[in-house]
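Next come the chains, spelled out residue by residue.
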Amino acid sequence: LLFARQAFLPLLKQAAGSQSGAMGWRKAAVINTTSILGSLSNNYERPELGTYNGGLYAYRASKAALNQFTRTLSVEVNSARVLAVCVHPGWVQTDMGGESALHTPEDSTSSVLQLFDSFNEKSQGLYFNFDGTSIPW
């Protein structure tokens, strides 16, 4: 991530500065695909939501690190008008999500693309669920 940041940040700043209009994904943006499992606030015992809380240490830690990276980047690039956000695509029926997952890849993709169109200055540095709701850090 740090090497990608070094390589692309000047290009993102150039793109953001060369276009007028609102901050958004069509102008200059870093949108990181994350997981709700990276939320520190949501990692507590909630039997009504199933058994996904606790465990999965390496996966959770990697997503929490990605979230922190994105949040820090959002502060760094805000004055250059480069958007930086995290998006959780939902529990998707993939090799990792399995057949029991709640969303098809097509439904998740459609929802995420609709979400992208809603991004603006107020979205900067936030952590979104595929349905547009904000996820607590």
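In what follows, the structure referred to is the one given above.
Within each chain, residue numbers correspond to sequence positions counted from 1 in written order. Predicted model: local features are reported for residues with pLDDT of at least 70 only, side-chain atom pairs are reported and counted for 80 or more only, and whole-chain, interface and lining totals are derived from all residues. No hydrogens and no water enter the side-chain calculation; it runs on all heavy atoms of the structure.

A. Looking closely at the overall build of the chain. Helix and strand labels come from DSSP, where a helix needs a run of H or I of at least four residues and a strand needs a run of E of at least two; each type is numbered from the N terminus. When helices and strands are counted, the chain shows three helices and three strands. Rg of the C-alpha trace for the chain: 16 Å, near the compact-globule value of 14 Å for 137 residues, within the 12% margin. Reported as C-alpha extents along the three principal axes, the dimensions of the chain are approximately 50 × 30 × 25 Å. Looking at the chain as a whole, 38% of its 137 residues qualify as buried. Look at the contacts in the chain between residues 6 or more apart in sequence, and 64% of them connect residues 24 or more apart. For the chain, the computed accessible surface area is about 8100 Å², with 58% contributed by carbon and sulfur atoms. Charged-residue counts in this description rest on Lys and Arg as positive and Asp and Glu as negative, His and the chain ends being excluded. By convention, the charge on Lys lies at NZ, on Arg at CZ, on Asp at CG and on Glu at CD. In the chain, 10 positive and 10 negative side-chain charges are present, and the distance between their average locations comes to 15 Å. Every radius of gyration here is taken over C-alpha atoms, with the globule rule written as 2.2 Å times N^0.38, N being the number of residues. Classification of residues uses two cut-offs on accessible area relative to the type maximum, computed with a 1.4 Å probe and protein chains only: under 20% is buried, over 50% is exposed, and between them is partly exposed. Residue contacts follow a heavy-atom distance rule, with two residues in contact if any of their heavy atoms lie within 4.5 Å. The protein chains shown are the only cover counted for residues, whose accessible areas, like all others here, come from Shrake-Rupley with a 1.4 Å probe.

B. Representation of the pattern of salt bridges. A side-chain nitrogen of Lys or Arg and a carboxyl oxygen of Asp or Glu constitute a salt bridge if their distance falls within 4 Å. If you walk through the whole model with that rule in mind, you get three salt bridges. Where arginine 5 meets glutamate 76, a salt bridge forms, and the shortest distance between an N and an O atom there is 2.3 Å. Residue arginine 5 is located in helix α1 (residues 2-18), and its partner glutamate 76 is located in helix α2 (residues 57-77); the two are separated by 71 residues in the primary sequence. The exposure class of glutamate 76 is partly exposed, given its relative accessible area of 32%. Linking glutamate 121 and arginine 81 is a salt bridge whose minimum nitrogen-to-oxygen distance equals 2.6 Å. Here the residue glutamate 121 occupies a position in the loop between α3 (105-118) and β3 (127-129), and arginine 81 occupies one in the loop between α2 and β2 (83-88), the gap between them amounting to 40 residues.

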